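For reference, the chains in residue letters:
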Amino acid sequence: MKNCGRMVLFIVMLALLSGILNGCILKKEIVDNHILDGDGMINTNALLMDVLAGDWASADGRWSAAIEGYELELMLDGESLYDGSMYFSFHGDDTNVKTELFIYAFENKLIKSAMEVVGTIKQFYTENGMLYMEVTYANGDAETVVFEKSAQ
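Turning our attention to the packing of aromatic side chains. Taken as a whole and judged by the stated rule, the model has four aromatic pairs. Here the aromatic rings of Tyr87 and Phe102 are separated by 5.1 Å at their centres, their planes lie at 25 degrees, and the arrangement is stacked. Separated by 15 residues along the polypeptide, Tyr87 in strand E6 (residues 79–87) and Phe102 in strand E8 (residues 102–103) bring together distant segments of the chain. Residue Phe102 is classed as partly exposed on the basis of its relative accessible area, which comes to 37%. Considering the side-chain rings of Tyr125 and Tyr132, the 5.0 Å spacing of their centres and the 20 degrees angle between planes classify their relative orientation as stacked. Residue classification places Tyr125 among the buried positions, given a relative accessible area of 9%. Through a chain of ring-to-ring contacts, three or more aromatic side chains come together here, namely Tyr87, Phe102 and Tyr104. Geometry around Tyr125 places Lys98 over its ring, the cationic atom sitting 4.2 Å from the centre.

Strand E11 (residues 130–137) sits mainly inside the fold: six of its eight residues count as buried. Across eight bridges, strand E10 (residues 117–127) lies against E11 in antiparallel orientation. The residue bridging Ile121 from the neighbouring strand is Val135, located in E11. The pairing of E11 with strand E12 (residues 142–149) spans six bridges and is antiparallel. Across the sheet, Leu131 pairs through a bridge with Phe147, a residue of E12. Between E11 and E12, which pair antiparallel one after the other, the connecting turn spans four residues, and Gly140 there sits at a positive phi close to 100 degrees.

The next point concerns the environment of Glu116. Within the element layout of this structure, Glu116 appears in the loop between strand E9 (109–111) and E10. Distance from Glu116 to Ala138, taken between C-alpha atoms, is 9.3 Å for residues 22 residues apart in sequence. The contacts of Glu116, once residues within four sequence positions are left out, are Leu110 and Ile111.

A few words now on the pattern of salt bridges. On inspection of all chains with the given rule, the structure shows one salt bridge. In this structure, the salt-bridge partner of Arg62 is Asp77, at a minimum N-O distance of 2.9 Å. Taken together, the residues Arg62 in the loop between strand E3 (54–58) and strand E4 (63–68) and Asp77 in the loop between strand E5 (71–76) and E6 connect sequence positions 15 residues apart. Using a relative accessible area of 35% as the deciding quantity, one classes Arg62 as partly exposed.

Counting residues in hydrophobic clusters, the biggest one holds 28 residues, and the most contacted among them are Leu52, Trp63, Leu72, Leu74 and Phe147. Of all the secondary structure elements, the ones that give two or more residues to this core are helix H2 (46–52), E4, E5, E6, E10, E11 and E12. Looking at this core element by element, the count peaks at four residues for E11. With near-sequence residues (within four places) excluded, Trp63 lies in contact with Trp56, Ala57, Ser58, Met75, Leu76, Leu81, Leu110, Met133, Tyr137, Glu143, Val145 and Phe147.

Criteria and thresholds
Residues numbered from 1 in each chain as written. Predicted model: local features only at pLDDT ≥ 70, side-chain atom pairs only at ≥ 80, totals over all residues. Heavy atoms only, no water. Phe/Tyr/Trp six-rings, centres within 6.5 Å; stacked < 30°, edge-to-face > 60°. Helix = DSSP H or I, 4+ residues; strand = E, 2+ residues; numbered from the N terminus. Buried < 20%, exposed > 50% of the residue type's maximum accessible area, 1.4 Å probe, protein only. Lys NZ or Arg CZ within 6 Å of the ring centre and 35° of its normal. Pairing = 2+ DSSP bridges. Contact = heavy atoms within 4.5 Å. Salt bridge = Lys/Arg side-chain N within 4 Å of Asp/Glu carboxyl O. Core = buried A, V, L, I, M, F, W, Y, C linked by side-chain atoms within 4.5 Å.

So, in structure tokens, the structure goes:
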């Protein structure tokens, strides 16, 4: 009986050791080989973030945007309509590919300081070195605003 107990304990210990080793190997395969790059994490958005960083303006000068990291300020005729965070997911190395940008505004509403809804962003994206914002104004009119990056 004593030998049987030792045999069961040995099998349990062997199973635990096997599970631990398999977990380490799986972690190495799934996490390290797909997410980590050397000493740190890969930020797949970094390349596009560098392109987006800076000041942007529409050709008529009515609209402007300022981007720093994931922070965005959108202005119309000098009045801030959105000042907050944005997010996107970028993979690859071609920053000219269309990439959707998203803001954290309630229903994508653009609101003046007096809580007056100016319009709603229907689509916001970057493509070929430009920013595009499809907006529907409160009066029902729609416009695609094209932003060019200001010389810095």
